[in-house]
Amino acid sequence: EQSLDSLVPEGKSLIIRGKVSGKDCQSDYKITVQSSQADQLDLQIQFSDPSLNRIWLAIESKSSEKFFGFGEQFTHDQMKGKTPFLFTEEQGIGR
């Protein structure tokens, strides 16, 4: 279950706040959306419960739009329509 509690413009960013809950978990969330270039959005997602370490993100887009990046991926250079596994951690941890 998810609620959307507020949408607040802050400078060049949009701050989205709400709550998520599921089996044995509940957390507040904050999503910061910022346009870093004319054709690029940056997302920062934070949960109040640090044990939550995964999200699923579905994005609607035009058929002509492309998705690149997502860290080092050796299978595809264009990620539209794919479900990449993304793992982010602090540098040096886990080495």
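Summarised in this report is the structure supplied together with it. (Residues numbered from 1 in each chain as written. Predicted model: local features only at pLDDT ≥ 70, side-chain atom pairs only at ≥ 80, totals over all residues. Heavy atoms only, no water.)

Re a nonpolar patch on the surface
Among the surface-exposed residues, L43, I45, I55, L57 and I59 lie close enough to one another that they form a single nonpolar patch of about 440 Å² accessible area. Tracing the backbone shows I55 in the segment after β4 (40–47). (Patch = residues over 30% accessible without salt bridge, like charges linked within 9 Å, V, L, I, M, F, W, Y side chains within 5 Å. Areas by Shrake-Rupley, 256 points an atom, 1.4 Å probe, with all protein chains shown as cover. Salt bridge = Lys/Arg side-chain N within 4 Å of Asp/Glu carboxyl O. Helix = DSSP H or I, 4+ residues; strand = E, 2+ residues; numbered from the N terminus.)

Regarding unusual backbone geometry
One non-glycine residue, D24, lies in positive phi territory at about 60°. Within the secondary structure, D24 sits in the loop between β2 (13–22) and β3 (25–37). Looking at D24, the relative accessible area reads 76%, which means it is exposed. (Buried < 20%, exposed > 50% of the residue type's maximum accessible area, 1.4 Å probe, protein only.)

Side note on the side chain of S13
With respect to the helices and strands, the residue S13 is situated in strand β2. Residue S13 is classed as buried on the basis of its relative accessible area, which comes to 14%. Ignoring sequence-local partners within four residues, the contact set of S13 consists of V8, T32, V33 and Q34. (Contact = heavy atoms within 4.5 Å.)

Overview of the nonpolar core
Counting residues in each nonpolar core, the largest one holds five residues, listed as I16, V20, Y29, I31 and V33. Leaving out residues up to four positions away in the same chain, V33 has contacts with K12, S13, L14, I16, L41, D42 and L43. (Core = buried A, V, L, I, M, F, W, Y, C linked by side-chain atoms within 4.5 Å.)

All we've got here are geometric facts, nothing functional implied.
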